[in-house]
Amino acid sequence: MKKAVVTFMSLSMIFTATACSSGTSSNQSGGATTAPTTTTTPSATVSTSKDPVKLRMAWWGGQARHDYTLKVIEMYEKAHPNVKIEAEYAAFDDYWKKLAPQAAANQLPDIIQMDISYLTQYGGRNQLADLTPFTKSKILNVDDVSPNAVSGGQVGGKLVAMNLGVNALTSMMDFEMLKKAGITPPEKNWTWNDLDEITAKAKAAGKITGGFRDDVFFPYYLRTLGQKMYNAEGTALGYTDDKLFVDYFNRSQKYYDAGSVLALDKAAQKKGTPEDDELTLGNSISSNGWSNQFIGLATASKRELVLQPMPGPDANKGLFLKPSMYWSISSSSKAQEEAAKFIDFWINDIEANKIIKGERGVPVASKVKEALKPLLSPNEIKVFDYVAWAEKNSAPMDPPNPVGSIEIEKLLKDTAEKIMYKKITVQEAATSFRKEATTILDKNKK
């Protein structure tokens, strides 16, 4: 059984990390999958090339994401009969476990779904192709995409990833469940103290509260206080006062001790899918993650859910618009131009996006966004509206995490587990985390 460390600041992220994940599928081995039949007529011009091309394409997500991605692939293959795309997908954690040995063997898929947490790691090691030549030649047309959305995929001056959409952190809540428990739903400007009160009342009513994944929400907490997880150079932690760490994890430990979040042993059995999220199962009043995960949870739960901003004060300093995820092309791919054509199709084709409907984040191409608005379901409208609200109530995003950040994220999870199991005090944990994180960053300095 894989071990998942989930505390008040470490559950309910189908994410990715950040995440941004949702789920698993029957194809856990990541092998090729036959796409389901769709009657949608592709709007792309049919390719006249007769040279056969085979592309491997990998992503993480839940079953709903797998299904519609396969439909988009089939649309593309119908428009380009010479192209065959082999699908490889898995749940978020399993995805990265499979990708790492492929990278080491120089056998990465041609098209890779990439997360911002791993962007520097893969891009900084020249494992991702520079997409700039394709944008300049219009093979990957970004004329309808804002420069800020494009620049979010840059590492070291190279465009190594194409932004698929934007999203924002949110607490997805069941307001009806709250009301039945005698709890008044929070306002948009709620605080951590409000969350303390709601969590206690939920526990008394037999419900838990969705936890927060530490590698995502500790940086959010720091941002609300005007601090950063890393310094601007990515050579050290960005905060200097360990009291911030202590305050954050004291609340985490309080919730865990009270049984207000899922126990570690139960959390370890979770698949990280919308279907087995405690909110979906009716056991939790909330689930915390990224706005693009809302559709999966709302679909799986079959209940009315709400996108609630994160607690403050100063949540507007903590919130930011984040590239939900990216498509990258491996530098080892022998068919980079064909891979770029598919990414262009994904970004710009309106008919394809009628299937995608912003599930990987609100689309970055303005013409696509406008075309989708009349077609959105009530839940999809909620996501679009929330992101529009967040755009006006957020601060600029931090730079991509430095090389070594993945090790630090694991260190943070391991440290959180020690705190919850009372193997170390919060103050001791703050000191040891700083020491070990500094060692990791020093090791990765160039």
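These numbers were taken from a predicted model, which means no experiment stands behind them.

## Structural notes on the overall build of the protein
- Scanning the protein from N- to C-terminus turns up 18 helices and twelve strands.
- Sorting the 446 residues of the protein into buried and exposed places 58% on the buried side.
- Of all intrachain contacts in the protein linking residues separated by at least 6 positions in sequence, the fraction that spans at least 24 positions is 80%.
- For the protein, the accessible surface area stands at approximately 18,000 Å², while carbon and sulfur atoms represent 51% of it.

## Concerning unusual backbone geometry
- The step from Gly312 to Pro313 runs through a cis peptide bond, and the omega angle for that step is 15 degrees.
- Of note in the backbone geometry, Lys302 takes a positive phi value of approximately 55 degrees without being a glycine.
- With respect to the secondary-structure elements, Lys302 resides in the loop between helix 11 (294-301) and strand 10 (306-308).
- Even without being a glycine, Asp314 presents a positive backbone phi close to 60 degrees.
- Among the secondary structure elements, Asp314 is positioned in the loop between strand 10 and helix 12 (315-318).

## Comments concerning the sheet that holds strand 10
- Spatially, three strands are ordered 9-8-10 in an open sheet, and the strand pairing comes out antiparallel. Every other strand in the sheet has two partners, leaving strand 9 (286-290) and strand 10 as the edge strands with one partner each. Between one strand axis and the next, the sheet turns by 35 degrees as a mean value, whatever way the strands run.

## Re helix 17 (residues 405-420)
- When the terminal C-alpha atoms of helix 17 are compared, their 22 Å separation across 16 residues agrees well with the 22 Å that a helix rising 1.5 Å per residue should span.
- Along helix 17, the residues classified as buried are Ser405, Ile408, Glu409, Leu411, Leu412, Thr415, Ala416, Glu417, Ile419 and Met420.
- Considering only its buried residues, helix 17 is in contact with helix 3 (116-123), helix 8 (214-224), helix 9 (243-257), helix 10 (264-267) and helix 18 (426-443).
- Downstream of helix 17 by one or two residues, Lys422 has phi in the positive range, about 60 degrees.

## Considerations on the pairing of strand 1 (residues 53-60)
- In terms of burial, strand 1 is largely enclosed, as six of its eight residues are buried.
- Taken together, strand 1, helix 1 (residues 63-79) and strand 2 (residues 83-90) constitute a β-α-β crossover, and its handedness is right-handed.
- Where strand 1 lies against strand 3 (residues 111-114), two bridges are found, and the strand directions are parallel. Looking across to strand 3, one finds that Met57 is bridged to Ile111.

## As for the sheet that holds strand 2
- Reading across from one edge, 2-1-3-12-6 is the order of the five strands in this open sheet, with mixed pairing throughout. Only two strands of the sheet have a single partner each, and these edge strands are strand 2 and strand 6 (162-163).
- Note: strand 1 against strand 2, eight bridges, orientation parallel. Within strand 2, the residue paired with Val53 across the bridge is Val83.

## Quick notes on the nonpolar core
- Ranked by internal contacts, the top residues of the largest apolar core, which has 131 residues, are Phe245, Phe342, Trp346 and Phe433.
- Residues contacting Phe433, with those up to four places away along its chain left out, are Met229, Leu237, Tyr239, Phe245, Ile408, Leu411, Leu412 and Thr415.

The rules behind the values
- Numbers given for residues are sequential positions, taken from 1 along each chain in its written order.
- A pLDDT threshold of at least 70 governs which residues receive local features in this predicted model, and a stricter bar of 80 or more applies before side-chain atom pairs are shown or counted, although totals over entire chains, interfaces and linings include all residues.
- Derived side-chain values reflect all non-hydrogen atoms in the structure, with water molecules and hydrogen atoms excluded from consideration.
- Strands are runs of DSSP state E lasting at least 2 residues, helices are runs of H or I lasting at least 4, and numbering of each runs from the N terminus.
- Between buried and exposed lies partly exposed: a residue is buried under 20% and exposed over 50% of the maximum accessible area for its type, with that area taken using a 1.4 Å probe on protein chains only.
- Only heavy atoms enter the contact rule, under which two residues are in contact if any of them lie within 4.5 Å.
- Computed with a 1.4 Å probe, the accessible areas rest on the Shrake-Rupley method; for each residue, only the protein chains presented here act as cover.
- When DSSP locates at least two bridges between a pair of strands, those strands are taken to pair.
- The angle between two axes is taken between their N-to-C directions and runs from 0 to 180 degrees, where each axis is a line fitted to C-alpha atoms and a helix contributes only its stretch in contact.
- Any helix carries an expected span of 1.5 Å times its number of residues minus one.
- A clockwise path from the first strand over the helix to the second, with the strands pointing away from the viewer, defines a right-handed crossover.
- What is meant by a nonpolar core is a set of buried Ala, Val, Leu, Ile, Met, Phe, Trp, Tyr and Cys residues, joined one to another through side-chain atoms within 4.5 Å.

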